[in-house]
Amino acid sequence: MTPMNAALLAAALLFALFVVAQGLLPLFGRRASRATSAAMSQAIARGSDPSRPAEERAAAFGEAASLALDELGRPRLAARYAAWALREHPADPATIRLAARAMTRARRLRALERLLWRTLDGRTEPSAQEAALEALSALYAGPLRAPERARVLARLRPSPPA
């Protein structure tokens, strides 16, 4: 056997191993995603239950959004659930931060901008307004590339008490 034939045989064997590994790898990862999908389905069911209070529904949709974003790696799905959570309970700063994180990762920047402005426009608690201002400022300073807006929003934020 010549060295060229041996190299071609080795390359063919490596390619065959690669193809087999690509076929088998999803089977090993499905167990975790099945459990995650089941947990996400339960969270969605809790969030969709109209008999539950709005805060509990928002927390359930927030849980589904976190699972979709962190465990499944599906930012667009996470953005949808985070927006639902924010619609249920717009006064929760944690929900605002989750929506900002999910929608930024999903590249739904203009939708996030509108959502944050609506949160600021609504009658929410000061902590929720602070979270929305912070997220909006980060959005303008970062992905939307409008640093002048970020500076104006930073000046509009109330200063912490001394």
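Numbering of residues begins from 1 in every chain and follows the order in which that chain's sequence is written. In view of the model being predicted, local features appear only for residues whose pLDDT reaches at least 70, and side-chain atom pairs are presented and counted only at 80 or more, with totals across whole chains, interfaces and linings using the full set of residues. The basis for every side-chain value is the complete set of non-hydrogen atoms in the structure, without hydrogens or water.

Caption draft 1: Geometry of the pattern of salt bridges. A side-chain nitrogen of Lys or Arg and a carboxyl oxygen of Asp or Glu constitute a salt bridge if their distance falls within 4 Å. Following the criterion strictly, the structure yields 7 salt bridges and no others. The salt bridge partner of R52 is E56, with a shortest N-O separation of 2.3 Å.

Caption draft 2: Fine view of the side chain of E113. Counting through the fold element by element, E113 comes out in helix α5 (residues 109-121). With residues near it in sequence (within four places) discarded, E113 still touches L136, L139, Y140, L144 and R149. Per the convention used, a helix needs a DSSP run of H or I reaching at least four residues, while a strand needs a run of E reaching at least two, with both numbered from the N terminus. Any two residues whose heavy atoms approach within 4.5 Å at even a single point are treated as in contact.

Caption draft 3: Spotlight on the packing of aromatic side chains. In summary, the pairing rule links any two rings of Phe, Tyr or Trp, Trp by its six-membered ring, whose centres are within 6.5 Å, and it sorts them by plane angle into stacked for under 30 degrees, edge-to-face for over 60 and tilted for everything else. Under the definition given, this model contains 2 aromatic pairs. Residues F61 and W84 carry aromatic rings whose centres are separated by 5.4 Å and whose planes lie at 70° to one another, so their mutual orientation is edge-to-face. Placement of F61 in helix α2 (residues 54-71) and of W84 in helix α3 (residues 75-88) is noted, with a sequence separation of 23 residues between them. According to the relative accessible area criterion, F61 is buried, its value standing at 5%. Judged by its relative accessible area of 30%, W84 is partly exposed. The interplanar angle of 65° and the centroid separation of 5.3 Å between the aromatic rings of Y81 and W84 together place this pair among those described as edge-to-face. Residue Y81 and its partner W84 are both found in helix α3; the two are separated by 3 residues, about one turn of the helix. With a 1.4 Å probe rolled over the protein chains alone, any residue whose accessible area is under 20% of its type maximum counts as buried; one over 50% counts as exposed, and the rest are partly exposed. Residue class for Y81 comes out buried when judged on its relative accessible area of 8%. By the ring-pair criterion, three or more aromatic residues cluster together here, those being F61, Y81 and W84.

Caption draft 4: Inspection of the environment of A65 at higher detail. Following the sequence through the fold, A65 ends up in helix α2. Judged by relative accessible area, which is 0%, A65 ranks as buried. Excluding residues within four positions of it along the chain, A65 makes contact with A78, Y81, A82 and L98.

Caption draft 5: Spotlight on the nonpolar core. Only buried Ala, Val, Leu, Ile, Met, Phe, Trp, Tyr and Cys residues count toward a nonpolar core, and they belong to the same one when joined by side-chain atoms within 4.5 Å. The biggest cluster of nonpolar side chains holds 42 residues, and the ones touching the most others in it are M40, Y81, I96, L116, L136 and Y140. Of all the secondary structure elements, the ones that give two or more residues to this core are α1 (3-48), α2, α3, α4 (93-105), α5, α6 (126-141) and α7 (147-156). Contacts of M40, omitting those with residues within four sequence positions, involve A64, L67, A68, L72, L77 and Y81.

Caption draft 6: Representation of the side chain of T95 within the structure. By secondary structure assignment, the location of T95 is in helix α4. The class for T95 is buried, based on a relative accessible area of 7%. In contact with T95, other than residues within four places in its own chain, are A82, A85, L86 and H89.

Caption draft 7: Seen up close, the packing of α4 against α5. Relative orientation of the contacting elements α4 and α5 amounts to 165°, with a least axis distance of 9 Å. When the axes of α4 and α5 are compared, the pair comes out roughly antiparallel. For the crossing formed where α4 meets α5, the hand is left-handed. In this structure, α4 uses I96, A99, A100, M103 and T104 to contact α5, whose residues at the interface are L109, A111, L112, L115, L116 and T119. For this scheme, ten residues count as nonpolar: Ala, Val, Leu, Ile, Met, Phe, Trp, Tyr, Cys and Pro. Four count as charged, namely Asp, Glu, Lys and Arg, and the remainder, Gly too, count as polar. In the contact of α4 with α5, the residues fall into 9 nonpolar, 2 polar and no charged. Only the stretch in contact is used when fitting a helix axis, every axis being a line fitted to C-alpha atoms; angles between N-to-C directions are given from 0 to 180 degrees. For classification, angles of less than 35 degrees are called roughly parallel, those exceeding 145 degrees roughly antiparallel, those between 65 and 115 degrees roughly perpendicular, and all remaining angles oblique. Each helix crossing is assigned a hand: it is left-handed if the near helix lies turned anticlockwise from the far helix by less than a right angle, otherwise right-handed if that turn is clockwise.

Caption draft 8: View of a nonpolar patch on the surface. Nonpolar side chains (Val, Leu, Ile, Met, Phe, Trp, Tyr) are joined into patches within 5 Å and like charges within 9 Å, using only residues with over 30% relative accessible area and no salt bridge. The protein chains shown are the only cover counted for residues, whose accessible areas, like all others here, come from Shrake-Rupley with a 1.4 Å probe. Together, M1, L9 and L13 give the surface a local cluster of nonpolar side chains, amounting to about 370 Å² of exposed area. Summarising the element assignment, L13 is placed in helix α1.

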